[in-house]
Amino acid sequence: MRTRIVSVAVVLLLGVLASCATAPSHTRNVCAIFDQRDGWFNNWQRAAERTEREYGVPVPILMATIYAESGFQPHARPPRRKLLGFIPWTRPSSAYGYSQALDGAWEHYQRDTGRWGARRSDFSDAIEFIGWYHAQSHERNGIALNDPYNLYLAYYVGWKGYERGASRGNADLQRTAQKVASMSALYASQLRNCN
């Protein structure tokens, strides 16, 4: 009997851990995302709402940023370049995790907040990073906290790049920023009707 209880506990624990390491399905529906990640220790809605309270960035903008950056994949990385067209080579950047934060930006966040144990593959840490980054964009670049389009542009090109207008003439980036704005509006609409 005891062996069976231990076996069931191990299977349940592995199931919980496996669900943490994969992207939720139905990522175009924020209510479904939150329903899939509403565990005691891993509650995405609580993490998003806590970040909104701390930094003033609305939950739909936080979630739309993650949608665009990683598709809610915890270990997302840019694809490797190919040497001679077929040999896997280096990656174009150090972007990693839900937030696709670069090494330098992540270290800046850790220094600024004192959250030295924060990990880019942990949803709560990643969404807090995004809230912190957007709040910094508000302070440094004067972008409204409810402006997903410009917050995303600054997120992608950096505060100095945004100041210099680095996103001008980059049609792909502008399309992605528009996608973030549209997804944010969709998420906001859905959140009003979540059960």
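Digging into unusual backbone geometry
Then step 1. Not every positive phi belongs to a glycine, and F72 is a case in point at roughly 65°.
Then step 2. Topologically, F72 is positioned in the loop between α4 (59–70) and β1 (82–83).
Then step 3. The residue Q100 is not glycine, and still its phi comes out positive at about 55°.
Then step 4. Along the chain, Q100 turns up in the loop between β2 (87–88) and α5 (103–113).

So, the packing of aromatic side chains
Then step 1. With the rule as written, the count across this model stands at 18 aromatic pairs.
Then step 2. Ring centres of W106 and F129 lie 5.2 Å apart, and the angle between their planes is 40°; on these two criteria the pair is classed as tilted. Pair noted here: W106 is in helix α5 and F129 is in helix α6 (residues 123–141), with a separation of 23 residues, a long-range link.
Then step 3. Here the aromatic rings of F129 and W132 are separated by 5.8 Å at their centres, their planes lie at 40°, and the arrangement is tilted. Taken together, the residues F129 and W132, both in helix α6 and 3 residues apart, mark about one turn of the helix.
Then step 4. For W132, a relative accessible area of 2% translates into the label buried.
Then step 5. Pairwise contacts between aromatic rings join W106, Y109, F129, W132, Y133, Y152, Y155, Y156 and W159 into one cluster.
Then step 6. Lying over the aromatic face of W44, R37 brings its terminal NZ or CZ to 5.2 Å of the ring centre.
Then step 7. Positioned over the ring face of W159 is R140, at 4.0 Å from the centre of the ring.

Quick look at the packing of α4 against helix α7 (residues 148–164)
Then step 1. Contact geometry for α4 and α7: axes closest at 11 Å, N-to-C directions at 50°. The orientation of α4 with respect to α7, classified from their angle, is oblique. For the pair α4 and α7, the crossing hand works out as right-handed. Only P148, L151, Y152, Y155 and Y156 of α7 make contact with α4, whose side of the interface consists of I61, T65, A68 and E69.

With respect to the nonpolar core
Then step 1. Counting residues in hydrophobic clusters, the biggest one holds 43 residues, and the most contacted among them are F34, M63, F72, F123, I127, F129 and Y187.
Then step 2. For this core, the secondary structure elements donating two or more residues are α2 (30–36), α3 (44–55), α4, α5, α6, α7 and α8 (171–191).
Then step 3. When residues in this core are grouped by element, the largest group, 8 residues, is from α6.
Then step 4. Not counting chain neighbours up to four residues away, the residues in contact with M63 comprise V30, I33, F34, F72, F123, I127 and Y187.

Rules of the game
- Residues numbered from 1 in each chain as written.
- Predicted model: local features only at pLDDT ≥ 70, side-chain atom pairs only at ≥ 80, totals over all residues.
- Heavy atoms only, no water.
- Helix = DSSP H or I, 4+ residues; strand = E, 2+ residues; numbered from the N terminus.
- Phe/Tyr/Trp six-rings, centres within 6.5 Å; stacked < 30°, edge-to-face > 60°.
- Buried < 20%, exposed > 50% of the residue type's maximum accessible area, 1.4 Å probe, protein only.
- Lys NZ or Arg CZ within 6 Å of the ring centre and 35° of its normal.
- Axes fitted to C-alpha atoms, helices over the stretch in contact; angles between N-to-C directions.
- Parallel < 35°, antiparallel > 145°, perpendicular 65-115°, else oblique.
- Left-handed = near helix turned anticlockwise from the far one by under 90°.
- Contact = heavy atoms within 4.5 Å.
- Core = buried A, V, L, I, M, F, W, Y, C linked by side-chain atoms within 4.5 Å.

Taken by themselves, the reported measurements are silent on function.
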